[in-house]
Protein chains: 2
Amino acid sequence: MTSADSGPATIETIARRAGVSIASVSRVLNGLGGRPDTVRKVQAAATELGYVPNAMARSLRGGRSGQIAFAMEDIGNPVYVAMVRRIQAVAKEAGYRLLLHSTGADREEELRALRSLADRHTEGLIISPIRITREHLDELSRAVAPVVVIGSLPEGVRLDNVRVDSRVGAAMAVAHLVGIGRRRIGFLNGPLDTVPGQARYKGYLDGLATAGLDGAELVESGQFQTDSGAEAAKRLLERVPDLDGLFCANDLIAVGALRALREAGRRVPDDVAVVGMDDTELARVTWPTLTSVGLGSARRGELAAELLVDRLGEGRDREPRWVSVTPELVARESTRS
Amino acid sequence: MTSADSGPATIETIARRAGVSIASVSRVLNGLGGRPDTVRKVQAAATELGYVPNAMARSLRGGRSGQIAFAMEDIGNPVYVAMVRRIQAVAKEAGYRLLLHSTGADREEELRALRSLADRHTEGLIISPIRITREHLDELSRAVAPVVVIGSLPEGVRLDNVRVDSRVGAAMAVAHLVGIGRRRIGFLNGPLDTVPGQARYKGYLDGLATAGLDGAELVESGQFQTDSGAEAAKRLLERVPDLDGLFCANDLIAVGALRALREAGRRVPDDVAVVGMDDTELARVTWPTLTSVGLGSARRGELAAELLVDRLGEGRDREPRWVSVTPELVARESTRS
DNA sequence: ATGAAAGCGCTAACAG
DNA sequence: CTGTTAGCGCTTTCAT
């Protein structure tokens, strides 16, 4: 340890120690060959000094940070957990580190996440916005690095995009309830001014129409959350005592509904059959276990990550791609007939 | 838009446009004053060009990346979700970005996370290792940047550390079961060769001893997961048909146990009362709702983040701090007498 | 108050 | 095959 250098080793430290130039050090360390003798000396020095390349310097020089980010509303929602898991896996596989933005319900935070691409600490972004405003679209079109959107985009937006037709999924849920003989089918929705809120509401109406039912007055909306779901269920039960089927716009709402139904003394599925949406981990944990329409959250995360990774590599100039995932109903006890 | 420059604006672009030196640009942009005239010109140019400082260059120059990381086993576990949420919040508040390492069950990955501090892309790390081996300790002591450990550390390790005495928590669970008149109290544990597995097992024994009970043969171990918990519960029920109380080493195991109990036709809490641990979101979702010993996951995440942020700032040379959180039993339906 | 210049650590082009 | 050198974009002396 003759190292009179302070701080961590750099290529310069190594160069001095090995008696070669910094260029040779760089070459050897990047596997670009060299005289066997040189290679040996450099490697020895690097090992002895415990050299690790400085990622910041590399990034600045190479113009690539090796980082991507995922922005979602709240990691507390199991849907996002499923996405993060797969995104993480794909990112790591491709040699990217993953950053997390939790935007909360705050629209402004989402925009900030988009704008922050400009400082180049991140090479690309996956974003799953719950609302898509004019501002979002402006900011998206102005983004200085690749962005993949998880969620539906208006026609004509030229961005990589992973979607699922939750309208169809919602219709499937209703069809399933109809299939087991339910006729008074309610719907607990999230906020109507969100993309998923809109789509699921339309799907619910589609499902009813197909079955020749009318459900105009069987809808309650609130937040996409458990407590809100419980309250909405309570309101609906009071208004519609003869309810026999219930579709919930996500599993969190459904969990709240199950609670409210129990407290109201209704048996599930005997009195009221319940279907959730997203098919999260929760669906297997409740009692009765929850029938739910899976929207492939894990798969969407994975696809989004793959799209992004591709665009950051090979696919730099590819046309924007719109990929979609098919909803799938998973029947469990809450609709066992 | 006379900008003949390619790529994003830099201080140099601005300097040319404003007719000043790059040094002045830097000063103005960092609020270090200047002649009113200069300030105005620079700000105008910056705005027009949509200038955003390059984070990589800043980092390299300043030696600070503005990033911290959190390494845990699997974001799928609600305990970590709770931690991430708070860590995220504290990090953002303090101006740090948050990186996520999912290490899986892989020991090697944890070590990699620690070693990766050396490349300086991250200023500090919060790690919640499930096992602490000799290698971990070596690597921890060798870490080139501040590390905060969530979990218990052997005496004498000089590292910031947030802990909770889950041994005491486990004893509380048993005491609670005893308190509602249970005498044949089983324990479903995770792997015994993990830190939490050890502590909770000891706490279980403590609890029994205090009550003058013997439970040597009422233990099953598996993984800290739902399916594993269900299987373990099944095994235990076969071996010990007169079981009347059950403590589970975490909520995931407890959820599995509830399922197994139901399948075996046992009523909860009438036949068997159940207590989980961690008091995750799950505990409020199951039926019956699950009594669980909270270990302050959210709080631990928050504290860890605060310790780290402090050490990266003011507290650079502070003595290592060991903070602890107190377990708290939250009684719910699964132990209603 | 301002500009010139050095340098953070690295890679790559260019000579030799 | 190897060394010298020029930057990547920024902050910060050091003169002026």
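Coordinates for the structure precede this section.
Parameters and conventions
For every chain, the first residue of its written sequence is number 1, and the numbers climb from 1 along that sequence. As they are written, the chains are lettered A onward and the ligands numbered 1 onward, keeping that order. With the structure being a predicted model, the display of local features is reserved for residues of pLDDT at least 70 and the display and counting of side-chain atom pairs for 80 or more, all residues being used for whole-chain, interface and lining totals. Side-chain figures throughout are based on the complete set of non-hydrogen atoms in the structure, without hydrogens or water. Buried Ala, Val, Leu, Ile, Met, Phe, Trp, Tyr and Cys residues that are joined via side-chain atoms within 4.5 Å together make up what is termed a nonpolar core. Each residue is assigned to one of three classes by its accessible area relative to the maximum for its type, calculated with a 1.4 Å probe on protein chains only: buried under 20%, partly exposed between the two thresholds, exposed over 50%. The criterion used for residue contact is that any of the two residues' heavy atoms lie within 4.5 Å. When two parts are brought into contact, each loses some accessible area as probed by a 1.4 Å sphere; the total of that loss over both is the buried area. A pair is scored as a salt bridge if a Lys or Arg side-chain nitrogen falls within 4 Å of a carboxyl oxygen belonging to Asp or Glu. Here a polar contact is taken to be a pair of N or O atoms separated by no more than 3.5 Å, where protein atoms must pair a possible hydrogen donor with a possible acceptor and residues adjacent in sequence count only if both atoms sit in side chains. By the criteria applied, helices consist of DSSP H or I runs no shorter than four residues and strands consist of E runs no shorter than two, each listed in order from the N terminus. Two strands are counted as paired when DSSP detects at least two bridges linking them. Least squares is the method for superposing the copies, and the C-alpha atoms it fits come from residues with pLDDT of at least 70 in both. Proximity criterion: a residue is near a molecule or strand once any of its heavy atoms comes within 4 Å of it. Side-chain classes follow a simple rule in which Ala, Val, Leu, Ile, Met, Phe, Trp, Tyr, Cys and Pro form the nonpolar group, Asp, Glu, Lys and Arg form the charged group, and the remainder, Gly included, forms the polar group. Helix axes are fitted only over the stretch in contact, all axes being lines through C-alpha atoms; the angle between N-to-C directions runs from 0 to 180 degrees.

J.: What is the right way to read the nonpolar core from this model?
T.: A general tendency of soluble globular proteins is for nonpolar side chains to be buried together. With 139 residues, the main nonpolar core has A:Phe70, A:Leu246, A:Val274, B:Phe70, B:Leu246 and B:Val274 as its most contacted residues. Once residues lying within four places of it in the same chain are set aside, the contact partners of B:Val274 are B:Leu246, B:Cys248, B:Ala254, B:Leu258, B:Leu261, B:Val268, B:Leu290, B:Thr291, B:Ser334 and B:Thr335. The next biggest cluster of nonpolar side chains, apart from the first, holds 32 residues, and it includes A:Leu99, A:Leu137, B:Leu137 and B:Val147.

J.: How should I be thinking about the interface of chain B and chain A in this particular structure?
T.: Taken together, the contact between chain B and chain A spans 38 residues of the former and 38 residues of the latter. Taking both sides of the interface into account, the surface hidden between chain B and chain A amounts to around 3,600 Å²; carbon and sulfur atoms contribute 66%. The largest contributions to the chain B side of the interface with chain A come from B:Met56, B:Val285 and B:Trp287, which together make up 18% of the buried area. Counting the contacts that link chain B with chain A gives six salt bridges. Across the pair B:Glu109 and A:Lys92 runs a salt bridge, and its minimum N-O distance is 3.2 Å. Here chain B is connected to chain A by 14 residue pairs in polar contact (both at pLDDT 80 or more). Contributing elements (two or more residues each) for the side of chain B that touches chain A: helix H4 (55-62), helix H5 (78-93), strand S2 (97-102) and helix H11 (251-263) of chain B. Among the elements that make up the side of chain B that touches chain A, the one with the highest residue count is S2(B) (six residues). As paired elements, strand S2 (residues 97-102) of chain A and S2(B) share three bridges and run antiparallel to each other. Residue pairing for S2(B): A:Leu100 is matched across the bridge by B:Leu98.

J.: Sorry, what's going on with the relation of the copies chain B and chain A here?
T.: Think of it as a corkscrew move, a rotation about one axis and a shift along it, taking one chain copy to the other. Superposing chain B onto chain A requires a rotation of 180° together with a translation of 0.0 Å along the rotation axis, leaving an RMSD of 0.1 Å. In the structure described here, the two chain copies are related by an operation that fits a two-fold rotation axis. A shared interface surface links the copies, since 100% of the contact residues of chain B are contact residues in chain A too.

J.: Help me understand the pattern of salt bridges, please; the structure alone is not making it clear to me.
T.: Opposite charge on two side chains makes pairing possible when the charged atoms of those side chains draw close. This model, assessed by the stated rule, comprises 60 salt bridges over all chains. A salt bridge links A:Arg311 to A:Asp160, with the nearest nitrogen and oxygen atoms 2.4 Å apart. Taken together, the residues A:Arg311 in helix H12 (residues 297-312) and A:Asp160 in strand S5 (residues 160-164) connect sequence positions 151 residues apart. When the shortest N-O distance is used, the salt bridge between B:Asp160 and B:Arg321 registers 3.7 Å. Here B:Arg321 lies in the loop between helix H12 (297-312) and strand S11 (322-325) and B:Asp160 lies in strand S5 (residues 160-164), a separation of 161 residues in the sequence.

J.: Explanation requested: the protein's contact with DNA strand C in the structure shown.
T.: By nearness alone, 23 residues border DNA strand C, and A:Ile11, A:Tyr51, A:Arg61, B:Arg27 and B:Thr38 come closest of all. Take the atoms of DNA strand C that sit within 4 Å of the protein: sugar and phosphate atoms are 58% of them. One of the side-chain nitrogen or oxygen atoms of A:Arg58 is found 2.7 Å away from a phosphate oxygen of DNA strand C. At 3.3 Å from a base nitrogen of DNA strand C is found a side-chain nitrogen or oxygen belonging to B:Arg61. Those elements that provide at least two residues to the surface near DNA strand C are helix H2 (22-29) and helix H4 (55-62) of chain A together with helix H2 (22-29) and H4 of chain B. Tallying contributions element by element places H2(A) first for the surface near DNA strand C, with four residues. When its residues are assigned to classes, the surface near DNA strand C shows nine nonpolar, eight polar and six charged.

J.: Before we go on, may I ask you to explain the protein's contact with DNA strand D in this structure?
T.: By nearness alone, 24 residues border DNA strand D, and A:Arg27, A:Thr38, B:Ile11, B:Tyr51 and B:Arg61 come closest of all. For DNA strand D, the backbone makes up 56% of the atoms found within 4 Å of the protein, where backbone means sugar plus phosphate. Between DNA strand D and B:Ile11, the relevant distance is 2.6 Å, taken from a phosphate oxygen to a main-chain nitrogen or oxygen of the residue. Between a phosphate oxygen of DNA strand D and a side-chain N or O atom of B:Asn30, the distance comes to 3.5 Å. Only H2 and H4 of chain A together with H2 and H4 of chain B provide two or more residues apiece to the surface near DNA strand D. Its residues assigned to classes, the surface near DNA strand D comprises 10 nonpolar, eight polar and six charged.

J.: How do you make sense of the sheet that holds strand S10 (residues 291-294) of chain A when you look at a structure like this?
T.: Either a parallel or an antiparallel arrangement is found when strands of a sheet pair, and the pairing is made through backbone hydrogen bonds. All names here are of chain A. Spatial ordering of the open sheet is given by S7-S6-S8-S9-S10-S12, a layout of six strands whose pairing is mixed. Two strands close off the open sheet at either side, each with one partner strand: strand S7 (219-221) and strand S12 (328-330). Within the sheet, the average angular offset between the axes of one strand and its neighbour, ignoring direction, is 20°. Relative to S12, S10 is paired through three bridges, and the arrangement is antiparallel. Within S12, the residue paired with Gly-294 across the bridge is Glu-328. The strands that helix H8 (residues 166-179) touches are strand S6 (185-189), strand S8 (245-248), strand S9 (273-277), S10 and S12; relative to S9, the one it contacts most, it runs at about 165°.

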